[in-house]
Amino acid sequence: MSKIIGVGTDIVEVGRVLKSCEKHSFLNKYYTEAERELIKRRKSCAATNFAGKEAVAKAFGTGFLNCMPEDIEILRDEKGKPYVNLSEKAEKIVKEKGITKIHISLSDTDKLAMAYVVAEGD
């Protein structure tokens, strides 16, 4: 039977994230190449992904102590449902915590973007 290992949520101001994304150094530091391509197609994904990365780190219970935002990649499937890919650093945390599945929900308005994450394990 699965159990909840952690829950994380975050909310950000869309305008602040978009302003930060005007700097290539910010984009390269916080987003993977695949995420940057997604953001080119839909700018609002910058804010929802930023909130999502924070929410995932909170669900880990570690924040960004042993991994960085670019270690958590958030993409969308063919129907637009978000999903999480992890780098080796983030994957190590998942294994240590016994997390087997990460559920993520993203939402945004013109002004705010939010994310909710549930980390599930056995």
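Basis of the calculations
Residues numbered from 1 in each chain as written. Predicted model: local features only at pLDDT ≥ 70, side-chain atom pairs only at ≥ 80, totals over all residues. Heavy atoms only, no water. Disulfide = S-S within 2.5 Å. Buried < 20%, exposed > 50% of the residue type's maximum accessible area, 1.4 Å probe, protein only. Core = buried A, V, L, I, M, F, W, Y, C linked by side-chain atoms within 4.5 Å. Helix = DSSP H or I, 4+ residues; strand = E, 2+ residues; numbered from the N terminus. Contact = heavy atoms within 4.5 Å. UniProt positions renumbered as here; feature names shortened; annotations may be inferred. Polar contact = N/O pair within 3.5 Å; in protein donor to acceptor, adjacent residues only side chain to side chain. Phe/Tyr/Trp six-rings, centres within 6.5 Å; stacked < 30°, edge-to-face > 60°.

**Structural notes on the state of the cysteines**
Item 1. Inspection of the entire model under this criterion finds 0 disulfides.
Item 2. The thiol of Cys21 is not disulfide-bonded; the next cysteine sulfur, from Cys45, is found 11 Å away.
Item 3. Residue Cys21 is classed as buried on the basis of its relative accessible area, which comes to 12%.
Item 4. Assessed through its relative accessible area of 1%, Cys45 is described here as buried.

**Some details on the nonpolar core**
Item 1. Val17, Tyr31, Phe60 and Ile72 are the most contacted members of the largest nonpolar core, which has 34 residues in total.
Item 2. Counting only elements with at least two residues in this core, the list comes to helix H1 (14-20), helix H2 (24-30), helix H3 (33-41), helix H4 (45-60), strand E2 (72-76), helix H5 (88-97), strand E4 (99-108) and strand E5 (112-121).
Item 3. Of the residues forming this core, the biggest block, 10 residues, is contributed by H4.
Item 4. For Tyr31, the contacting residues outside a window of four places in its chain are Val17, Cys21, Phe26, Arg36, Ile39, Ala46, Asn49, Phe50 and Lys53.

**Regarding the UniProt feature "binding site: Mg(2+)" (unreviewed entry) in the protein**
Item 1. Cross-referencing UniProt, the feature "binding site: Mg(2+)" (unreviewed entry) maps to Asp10 and Glu54 in the present numbering. Spatial clustering of the annotated residues is evident: they stretch over 45 residues in sequence, but the largest pairwise C-alpha distance comes to 6.2 Å.
Item 2. Judged by relative accessible area, which is 14%, Asp10 ranks as buried.
Item 3. Residues in contact with Asp10, not counting those within four places in the same chain, are Ala51, Glu54, Ala55, Lys58, Ala113, Met114 and Ala115.
Item 4. Polar contacts involving the side chain of Asp10 include one to the side chain of Lys58, which spans 2.9 Å.
Item 5. Structurally, Glu54 can be placed in helix H4.
Item 6. In this structure, Glu54 is in contact with Asp10 and Phe64, ignoring residues within four places of it in sequence.

**Focus: the packing of aromatic side chains**
Item 1. A complete count under the given rule lists 4 aromatic pairs for this structure.
Item 2. Where Phe26 meets Tyr31, the ring centres are 6.1 Å apart and the plane angle is 65°; that geometry is what we call edge-to-face.
Item 3. Relative to Phe50, the ring of Tyr30 lies with its centre 5.6 Å away and its plane at 55°, an arrangement referred to as tilted. In this pair, Tyr30 is assigned in helix H2 and Phe50 in helix H4, connecting sequence segments 20 residues apart.
Item 4. Through pairs of rings, three or more aromatic residues link up here, namely Phe26, Tyr30, Tyr31 and Phe50.

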